[in-house]
Amino acid sequence: MRNLIDITDLSVQELDSLLTLGEEMIARPQDYRDSQRGRILATLFFEPSTRTRLSFESAMLSMGGSVLGFASPDASSTSKGESLQDTIRTVSCYCDIIAMRHPREGAPVAASFRSFVPIINAGDGGHNHPTQTLTDLMTIRRHLGELSGHTIGLCGDLKFGRTVHSLINAMSRYEGNRFVLISPQELRVPAYLTDMLREKGIPFAEVERMEEVMPELDVLYMTRVQRERFFNEADYVRLKDTYILDPEKLENARRDMIVMHPLPRVNEISTRVDDDPRAVYFDQVRNGRYVRMALITRLLEVNA
Ligand code: NCD
(Lines give C-alpha, C1' and ligand atoms only; values in the text may rest on other atoms or scores of the structure.)
Protein backbone atom coordinates (compact mmCIF):
# COMPACT_ATOMS: atom_id res chain seq x y z
CA MET A 1 0.00 0.00 0.00
CA ARG A 2 1.28 3.48 -0.87
CA ASN A 3 0.59 6.05 1.85
CA LEU A 4 1.74 9.62 2.33
CA ILE A 5 3.31 9.71 5.77
CA ASP A 6 6.45 11.71 5.04
CA ILE A 7 7.10 14.01 2.08
CA THR A 8 10.07 11.79 1.12
CA ASP A 9 7.62 8.94 0.46
CA LEU A 10 7.24 10.66 -2.93
CA SER A 11 10.13 10.75 -5.38
CA VAL A 12 11.02 14.14 -6.86
CA GLN A 13 9.52 12.97 -10.13
CA GLU A 14 6.27 11.99 -8.40
CA LEU A 15 6.20 15.33 -6.60
CA ASP A 16 6.62 17.25 -9.85
CA SER A 17 3.94 15.27 -11.60
CA LEU A 18 1.54 15.71 -8.68
CA LEU A 19 2.02 19.48 -8.84
CA THR A 20 1.42 19.41 -12.59
CA LEU A 21 -1.80 17.45 -12.11
CA GLY A 22 -2.87 19.96 -9.44
CA GLU A 23 -2.26 22.82 -11.87
CA GLU A 24 -4.28 21.07 -14.53
CA MET A 25 -7.09 20.77 -12.00
CA ILE A 26 -6.91 24.52 -11.31
CA ALA A 27 -7.11 25.21 -15.03
CA ARG A 28 -9.92 22.75 -15.84
CA PRO A 29 -11.82 21.78 -12.68
CA GLN A 30 -14.86 20.67 -14.71
CA ASP A 31 -12.83 17.80 -16.23
CA TYR A 32 -12.48 16.25 -12.77
CA ARG A 33 -15.97 16.97 -11.43
CA ASP A 34 -17.03 13.33 -11.39
CA SER A 35 -13.66 11.62 -11.29
CA GLN A 36 -14.08 10.19 -7.76
CA ARG A 37 -17.81 9.51 -7.80
CA GLY A 38 -18.65 6.62 -5.48
CA ARG A 39 -15.42 6.94 -3.50
CA ILE A 40 -15.26 7.97 0.15
CA LEU A 41 -12.61 9.96 1.99
CA ALA A 42 -12.49 9.83 5.80
CA THR A 43 -11.02 12.81 7.65
CA LEU A 44 -10.01 11.83 11.19
CA PHE A 45 -8.83 14.87 13.10
CA PHE A 46 -7.57 14.25 16.61
CA GLU A 47 -6.29 17.87 16.68
CA PRO A 48 -7.89 21.19 15.61
CA SER A 49 -7.81 22.23 11.96
CA THR A 50 -9.53 24.65 9.61
CA ARG A 51 -7.71 24.57 6.29
CA THR A 52 -6.29 21.08 6.18
CA ARG A 53 -9.51 19.26 7.00
CA LEU A 54 -11.81 21.48 4.99
CA SER A 55 -9.50 21.53 1.96
CA PHE A 56 -9.39 17.72 1.99
CA GLU A 57 -13.17 17.59 2.16
CA SER A 58 -13.57 20.27 -0.49
CA ALA A 59 -11.08 18.38 -2.70
CA MET A 60 -13.02 15.12 -2.49
CA LEU A 61 -16.40 16.83 -2.95
CA SER A 62 -15.05 18.75 -5.97
CA MET A 63 -14.35 15.40 -7.65
CA GLY A 64 -17.81 13.98 -6.97
CA GLY A 65 -16.67 11.83 -4.04
CA SER A 66 -18.08 11.79 -0.50
CA VAL A 67 -16.61 12.46 2.92
CA LEU A 68 -17.14 11.26 6.47
CA GLY A 69 -15.17 11.64 9.67
CA PHE A 70 -14.76 13.65 12.83
CA ALA A 71 -13.20 17.02 13.59
CA SER A 72 -12.30 16.27 17.19
CA PRO A 73 -11.53 13.09 19.14
CA ASP A 74 -14.28 13.96 21.68
CA ALA A 75 -16.79 13.09 18.99
CA SER A 76 -15.38 9.58 18.48
CA SER A 77 -14.90 6.44 20.59
CA THR A 78 -11.40 7.69 21.40
CA SER A 79 -13.17 9.45 24.27
CA LYS A 80 -14.32 6.00 25.51
CA GLY A 81 -10.73 4.76 25.50
CA GLU A 82 -10.58 3.09 22.08
CA SER A 83 -7.04 2.73 20.72
CA LEU A 84 -5.96 4.53 17.56
CA GLN A 85 -5.28 1.14 15.97
CA ASP A 86 -8.85 -0.06 16.51
CA THR A 87 -10.36 3.25 15.37
CA ILE A 88 -8.33 3.16 12.16
CA ARG A 89 -9.11 -0.49 11.43
CA THR A 90 -12.79 0.30 11.87
CA VAL A 91 -12.91 3.45 9.78
CA SER A 92 -10.89 1.80 7.02
CA CYS A 93 -13.85 -0.57 6.56
CA TYR A 94 -16.06 2.43 5.72
CA CYS A 95 -13.97 4.40 3.22
CA ASP A 96 -11.42 4.27 0.39
CA ILE A 97 -8.80 6.63 1.81
CA ILE A 98 -8.06 8.31 5.16
CA ALA A 99 -6.56 11.73 5.95
CA MET A 100 -5.65 11.92 9.63
CA ARG A 101 -4.15 14.44 12.04
CA HIS A 102 -2.87 13.43 15.45
CA PRO A 103 -0.96 15.11 18.28
CA ARG A 104 1.43 12.16 18.59
CA GLU A 105 4.48 12.02 16.31
CA GLY A 106 4.43 8.79 14.34
CA ALA A 107 0.69 8.13 14.82
CA PRO A 108 -0.01 8.05 11.04
CA VAL A 109 2.67 5.44 10.40
CA ALA A 110 1.30 3.32 13.25
CA ALA A 111 -2.18 3.75 11.75
CA SER A 112 -0.95 2.64 8.32
CA PHE A 113 -0.02 -0.78 9.75
CA ARG A 114 -3.66 -1.38 10.74
CA SER A 115 -5.47 0.25 7.85
CA PHE A 116 -7.05 -1.46 4.84
CA VAL A 117 -6.89 1.79 2.86
CA PRO A 118 -4.18 4.40 2.18
CA ILE A 119 -3.33 6.83 4.99
CA ILE A 120 -2.44 10.47 4.44
CA ASN A 121 -0.63 12.24 7.26
CA ALA A 122 -2.41 15.58 7.76
CA GLY A 123 0.01 16.57 10.55
CA ASP A 124 1.54 14.50 13.36
CA GLY A 125 2.49 16.48 16.45
CA GLY A 126 5.56 18.66 15.99
CA HIS A 127 6.93 16.30 13.37
CA ASN A 128 5.68 16.43 9.77
CA HIS A 129 2.97 17.89 7.58
CA PRO A 130 3.55 16.61 4.04
CA THR A 131 0.33 17.89 2.45
CA GLN A 132 1.02 21.46 3.61
CA THR A 133 4.34 21.02 1.84
CA LEU A 134 2.57 20.03 -1.39
CA THR A 135 0.61 23.29 -1.08
CA ASP A 136 3.79 25.22 -0.37
CA LEU A 137 5.68 23.68 -3.30
CA MET A 138 2.84 24.43 -5.67
CA THR A 139 2.76 28.04 -4.46
CA ILE A 140 6.52 28.48 -4.86
CA ARG A 141 6.42 26.92 -8.33
CA ARG A 142 3.52 29.08 -9.47
CA HIS A 143 5.10 32.30 -8.23
CA LEU A 144 8.81 31.73 -8.81
CA GLY A 145 8.59 29.39 -11.80
CA GLU A 146 10.67 26.56 -10.37
CA LEU A 147 11.66 24.82 -7.15
CA SER A 148 15.43 25.08 -7.63
CA GLY A 149 17.98 27.79 -6.98
CA HIS A 150 16.22 29.68 -4.20
CA THR A 151 17.21 31.20 -0.87
CA ILE A 152 14.47 30.21 1.52
CA GLY A 153 14.10 32.00 4.84
CA LEU A 154 12.10 30.10 7.46
CA CYS A 155 11.16 32.21 10.45
CA GLY A 156 9.60 31.61 13.86
CA ASP A 157 9.03 28.32 15.63
CA LEU A 158 11.34 26.04 13.68
CA LYS A 159 11.46 23.52 16.52
CA PHE A 160 7.81 22.54 16.74
CA GLY A 161 6.64 23.81 13.33
CA ARG A 162 5.91 20.62 11.43
CA THR A 163 5.30 22.42 8.14
CA VAL A 164 8.87 23.75 8.31
CA HIS A 165 10.31 20.26 8.78
CA SER A 166 8.51 18.82 5.78
CA LEU A 167 9.31 21.86 3.62
CA ILE A 168 13.04 21.64 4.40
CA ASN A 169 12.97 17.94 3.55
CA ALA A 170 11.28 18.65 0.23
CA MET A 171 13.22 21.72 -0.90
CA SER A 172 16.55 20.13 0.00
CA ARG A 173 15.93 17.60 -2.78
CA TYR A 174 15.94 20.29 -5.46
CA GLU A 175 19.22 21.68 -6.81
CA GLY A 176 20.77 24.91 -5.65
CA ASN A 177 18.51 25.81 -2.74
CA ARG A 178 19.88 27.48 0.38
CA PHE A 179 18.17 27.88 3.75
CA VAL A 180 18.24 30.76 6.20
CA LEU A 181 16.81 29.55 9.51
CA ILE A 182 15.57 32.48 11.57
CA SER A 183 14.54 31.67 15.14
CA PRO A 184 15.30 32.31 18.80
CA GLN A 185 17.86 29.88 20.26
CA GLU A 186 15.14 27.85 21.97
CA LEU A 187 13.11 27.33 18.82
CA ARG A 188 15.87 26.25 16.45
CA VAL A 189 15.29 23.55 13.85
CA PRO A 190 15.80 20.00 15.26
CA ALA A 191 19.34 18.68 14.87
CA TYR A 192 18.27 15.80 12.62
CA LEU A 193 17.41 18.36 9.94
CA THR A 194 20.58 20.43 10.19
CA ASP A 195 22.56 17.14 10.22
CA MET A 196 20.77 16.12 7.02
CA LEU A 197 21.59 19.48 5.39
CA ARG A 198 25.25 19.19 6.40
CA GLU A 199 25.48 15.63 5.14
CA LYS A 200 24.05 16.58 1.78
CA GLY A 201 26.27 19.66 1.56
CA ILE A 202 23.28 22.02 1.35
CA PRO A 203 24.15 25.55 2.48
CA PHE A 204 22.26 26.95 5.46
CA ALA A 205 22.64 29.65 8.09
CA GLU A 206 21.01 29.96 11.51
CA VAL A 207 20.31 33.53 12.62
CA GLU A 208 18.20 35.27 15.25
CA ARG A 209 17.23 38.49 13.49
CA MET A 210 15.17 38.69 10.31
CA GLU A 211 16.15 42.26 9.37
CA GLU A 212 19.74 41.47 8.44
CA VAL A 213 18.89 38.59 6.07
CA MET A 214 15.78 40.08 4.45
CA PRO A 215 17.50 41.37 1.26
CA GLU A 216 18.87 37.88 0.42
CA LEU A 217 15.59 35.99 0.44
CA ASP A 218 13.50 34.67 -2.45
CA VAL A 219 10.98 33.14 -0.04
CA LEU A 220 10.15 34.24 3.50
CA TYR A 221 8.15 31.50 5.23
CA MET A 222 6.68 32.82 8.48
CA THR A 223 5.31 30.52 11.18
CA ARG A 224 3.24 30.71 14.32
CA VAL A 225 4.81 29.86 17.69
CA GLN A 226 3.19 26.49 18.41
CA ARG A 227 1.58 27.18 21.77
CA GLU A 228 0.10 23.67 22.12
CA ARG A 229 3.56 22.07 22.05
CA PHE A 230 5.03 24.16 24.90
CA PHE A 231 5.50 22.70 28.35
CA ASN A 232 4.75 25.97 30.07
CA GLU A 233 2.71 29.03 29.22
CA ALA A 234 5.38 31.47 30.47
CA ASP A 235 7.84 30.32 27.78
CA TYR A 236 5.15 30.68 25.14
CA VAL A 237 4.26 34.21 26.27
CA ARG A 238 7.93 35.22 26.26
CA LEU A 239 8.55 33.90 22.73
CA LYS A 240 5.27 34.42 20.91
CA ASP A 241 5.93 37.89 19.55
CA THR A 242 9.62 37.47 18.73
CA TYR A 243 8.95 38.14 15.05
CA ILE A 244 6.30 40.39 13.64
CA LEU A 245 6.51 41.04 9.91
CA ASP A 246 5.24 44.47 8.92
CA PRO A 247 5.49 46.68 5.80
CA GLU A 248 8.48 48.54 7.29
CA LYS A 249 10.53 45.32 7.57
CA LEU A 250 9.53 44.40 4.02
CA GLU A 251 11.11 47.59 2.66
CA ASN A 252 14.49 45.83 2.58
CA ALA A 253 13.14 42.74 0.84
CA ARG A 254 13.40 42.03 -2.86
CA ARG A 255 10.51 43.16 -5.04
CA ASP A 256 9.99 39.59 -6.22
CA MET A 257 10.34 37.84 -2.85
CA ILE A 258 7.24 35.94 -1.71
CA VAL A 259 5.89 35.91 1.85
CA MET A 260 4.37 32.58 2.84
CA HIS A 261 2.64 31.28 5.98
CA PRO A 262 0.86 27.94 6.46
CA LEU A 263 -1.76 29.76 8.58
CA PRO A 264 -3.33 30.20 11.08
CA ARG A 265 -1.44 33.39 11.86
CA VAL A 266 -1.56 34.95 15.28
CA ASN A 267 0.60 38.10 15.43
CA GLU A 268 3.56 37.18 13.25
CA ILE A 269 2.35 38.94 10.10
CA SER A 270 0.68 42.31 10.43
CA THR A 271 -2.58 42.48 8.47
CA ARG A 272 -1.03 45.56 6.84
CA VAL A 273 1.11 43.15 4.82
CA ASP A 274 -1.92 41.40 3.30
CA ASP A 275 -2.28 43.81 0.39
CA ASP A 276 1.39 43.68 -0.55
CA PRO A 277 1.68 41.78 -3.85
CA ARG A 278 4.42 39.66 -2.26
CA ALA A 279 1.99 38.20 0.30
CA VAL A 280 0.90 34.81 -1.07
CA TYR A 281 -0.47 33.06 2.03
CA PHE A 282 -4.03 33.05 0.76
CA ASP A 283 -2.80 31.61 -2.55
CA GLN A 284 -1.39 28.76 -0.48
CA VAL A 285 -4.89 28.19 0.88
CA ARG A 286 -6.38 28.02 -2.60
CA ASN A 287 -3.64 25.78 -3.96
CA GLY A 288 -4.16 23.41 -1.03
CA ARG A 289 -7.51 22.31 -2.33
CA TYR A 290 -6.23 21.43 -5.82
CA VAL A 291 -3.04 19.76 -4.77
CA ARG A 292 -5.08 17.58 -2.39
CA MET A 293 -7.38 16.69 -5.29
CA ALA A 294 -4.28 15.59 -7.17
CA LEU A 295 -2.95 13.63 -4.18
CA ILE A 296 -6.21 11.76 -3.54
CA THR A 297 -6.44 10.92 -7.26
CA ARG A 298 -2.88 9.58 -7.47
CA LEU A 299 -3.04 7.56 -4.23
CA LEU A 300 -6.31 5.93 -5.24
CA GLU A 301 -4.84 5.21 -8.68
CA VAL A 302 -1.62 3.57 -7.48
CA ASN A 303 -3.42 1.53 -4.83
CA ALA A 304 -6.24 0.38 -7.10
C1 NCD B 1 -0.22 24.30 10.30
C2 NCD B 1 -0.26 23.03 11.13
O3 NCD B 1 -1.33 22.53 11.48
O4 NCD B 1 0.83 22.53 11.40
N5 NCD B 1 -1.49 24.66 9.84
C6 NCD B 1 -1.94 24.12 8.67
O7 NCD B 1 -2.17 22.94 8.56
N8 NCD B 1 -2.07 24.94 7.62
C9 NCD B 1 0.50 25.40 10.95
C10 NCD B 1 0.11 25.82 12.34
O11 NCD B 1 -0.80 25.28 12.95
O12 NCD B 1 0.77 26.76 12.82
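Quick caveat, the model's predicted, so the values are computed rather than measured.

## A few points about the domain arrangement of the protein
Taken domain by domain, the protein comprises domain 1 (7–129 + 286–302) and domain 2 (131–284). For domain 1 and domain 2, the distance between their C-alpha centroids amounts to 25 Å. The partner domain 2 presents 29 residues to the 35 residues of domain 1 that form the contact. Buried area between domain 1 and domain 2, summed over both chains or domains, comes out near 2,700 Å², and the portion from carbon and sulfur atoms is 52%. Connecting domain 1 to domain 2 are four salt bridges. The shortest N-O distance in the salt bridge between Arg229 and Glu47 comes to 2.8 Å. Here domain 1 and domain 2 share 23 residue pairs in polar contact (both at pLDDT 80 or more) between them. Breaking the side of domain 1 that touches domain 2 down by element, the ones donating at least two residues are α1 (12–27), α2 (51–62), β3 (97–102), β4 (119–124) and α10 (281–302). Among the elements that line the side of domain 1 that touches domain 2, the one with the most residues is α1, at nine residues. Partitioning the side of domain 1 that touches domain 2 into residue classes produces 12 nonpolar, 15 polar and eight charged.

## A look at α1
Helix length check: α1 (16 residues) gives 23 Å between terminal C-alpha atoms against 22 Å at 1.5 Å per residue, within 8%. Turning to α1, its buried residues are Leu15, Leu18, Leu19, Leu21, Gly22, Met25 and Ile26. When α1 is viewed along its axis, its buried side chains cluster within an angular range of 160° and face the same direction. Every exposed residue of α1 that faces more than 90 degrees away from the buried side is listed here: Gln13 and Ala27. The inward-facing, buried residues of α1 abut α5 (130–144) and α10.

## Some details on the packing of α5 against α10
Two numbers describe how α5 lies on α10: the axes approach to 8 Å, and their chain directions differ by 115°. The crossing of α5 and α10 is right-handed. Every residue of α10 that contacts α5 at Thr131, Gln132, Leu134, Thr135, Asp136, Met138, Thr139, Arg142 and His143 is listed here: Asp283, Gln284, Arg286, Asn287, Gly288, Val291, Arg292 and Leu295.

## A short note on the pairing of strand β1 (residues 40–45)
With respect to burial, β1 is a largely interior element, five of its six residues being buried. Once you follow β1 into α2 and on to strand β2 (residues 66–70), the crossover reads as right-handed. In the sheet, β1 pairs with β3 via five bridges, with the strands oriented parallel. Its bridge partner being in β3, Ala42 is matched across the sheet by Ile98.

## Points about the site of the ligand
With respect to spatial proximity, the complete set of residues near the ligand consists of Thr52, Arg101, His129, Gln132, Arg162, Thr163, Arg224, Gln226, Pro262, Leu263 and Pro264. Within the side chain of Arg101, an N or O atom sits 3.1 Å from an oxygen atom of the ligand. Separating an oxygen atom of the ligand from a side-chain N or O atom of His129 is a distance of 2.7 Å. Considering the ligand on its own, with 320 Å² of exposed area, one finds that the protein chains cover 93% of that surface. Because more than half of its atoms lie within 2 Å of the grid, the ligand is assigned to the largest pocket.

## Looking at the sheet that holds β3
Read from one edge to the other, the open sheet built from four strands follows the order β2-β1-β3-β4, with strand pairing classed as parallel. In the strand order of this sheet, the two ends are held by β2 and β4, each with one partner. Pairs of neighbouring strands in the sheet enclose a mean axial angle of 15°, with direction left out of account. Here β3 runs beside β4; their pairing, made up of four bridges, is parallel.

## What about α5?
Between its terminal C-alpha atoms α5 stretches 21 Å, which fits the 21 Å expected from 15 residues at 1.5 Å a residue. Burial within α5 is extensive, with 12 of its 15 residues counted as buried. Within α5, the full set of buried residues consists of Pro130, Thr131, Gln132, Thr133, Leu134, Thr135, Asp136, Leu137, Met138, Thr139, Ile140 and Arg141. Phi turns positive one or two residues past the end of α5, at Gly145, with a value near 90°.

## A few points about unusual backbone geometry
In this model, Leu263 is joined to Pro264 through a cis peptide bond whose omega is 5°. Mapped onto the elements of the fold, Pro264 is located in the loop between β9 (258–260) and α10. Positive phi, normally seen in glycine, also occurs at Leu263, with a value near 65°. Position of Leu263 relative to the elements: it lies in the loop between β9 and α10.

Thresholds applied
- One numbering rule holds for all chains: residues counted from 1, following each sequence as written.
- Side-chain atom pairs in this predicted model are given and counted only at pLDDT of 80 or more, local residue features only at pLDDT of at least 70, and totals for whole chains, interfaces and linings cover all residues.
- Each side-chain value is worked out from all heavy atoms of the structure, with water and hydrogens disregarded.
- Boundaries between domains were set according to an automatic or database domain assignment.
- Contacts are assigned to residue pairs that have any heavy atoms within 4.5 Å of one another.
- By buried area we mean how much accessible surface two parts lose on assembly, using a 1.4 Å probe and totalling the loss over both.
- We count a salt bridge whenever a side-chain nitrogen from Lys or Arg sits within 4 Å of a carboxyl oxygen from Asp or Glu.
- Two N or O atoms count as a polar contact when they lie within 3.5 Å, although within protein this holds only if one can serve as hydrogen donor and the other as acceptor, and sequence-adjacent residues are included solely when both atoms are side-chain atoms.
- Runs of H or I in DSSP of at least four residues are treated as helices and runs of E of at least two as strands, each being numbered from the N terminus.
- The classification used treats Ala, Val, Leu, Ile, Met, Phe, Trp, Tyr, Cys and Pro as nonpolar, Asp, Glu, Lys and Arg as charged, and all other residues, Gly among them, as polar.
- Take the residue count of a helix, subtract one, and multiply by 1.5 Å to get its expected span.
- Throughout this description, buried means an accessible area under 20% of the type-specific maximum (1.4 Å probe, protein chains only), exposed means over 50%, and partly exposed covers the range between.
- This arc is built from the directions going out from the helix axis to the C-beta atoms.
- Between N-to-C directions, angles span 0 to 180 degrees; the directions come from axes that are lines fitted to C-alpha atoms, helices contributing only their stretch in contact.
- In this scheme, a crossing is called left-handed if the near helix is turned counterclockwise away from the far one by less than a right angle; it is called right-handed if the turn is clockwise.
- Crossover handedness is defined here as right-handed if the route from the first strand over the helix to the second strand goes clockwise, with the strands pointing away from the viewer.
- Only strands that DSSP links by at least two bridges are regarded as paired with each other.
- Near is defined per residue: the residue qualifies when any heavy atom it owns lies within 4 Å of the molecule or strand.
- All accessible-area figures derive from a Shrake-Rupley calculation using a 1.4 Å probe, and residue coverage is judged against the displayed protein chains alone.
- In this analysis the probe radius is 1.4 Å and the grid spacing 1 Å, with only protein atoms considered; a cavity is a set of points the probe fits into but cannot get out of, a pocket is an open set with protein on both sides within 12 Å along at least five of seven lines, and lining residues have an atom within 4 Å of a point.
- Here the criterion for a molecule occupying a pocket or cavity is that more than half of its atoms lie within 2 Å of the pocket grid points.

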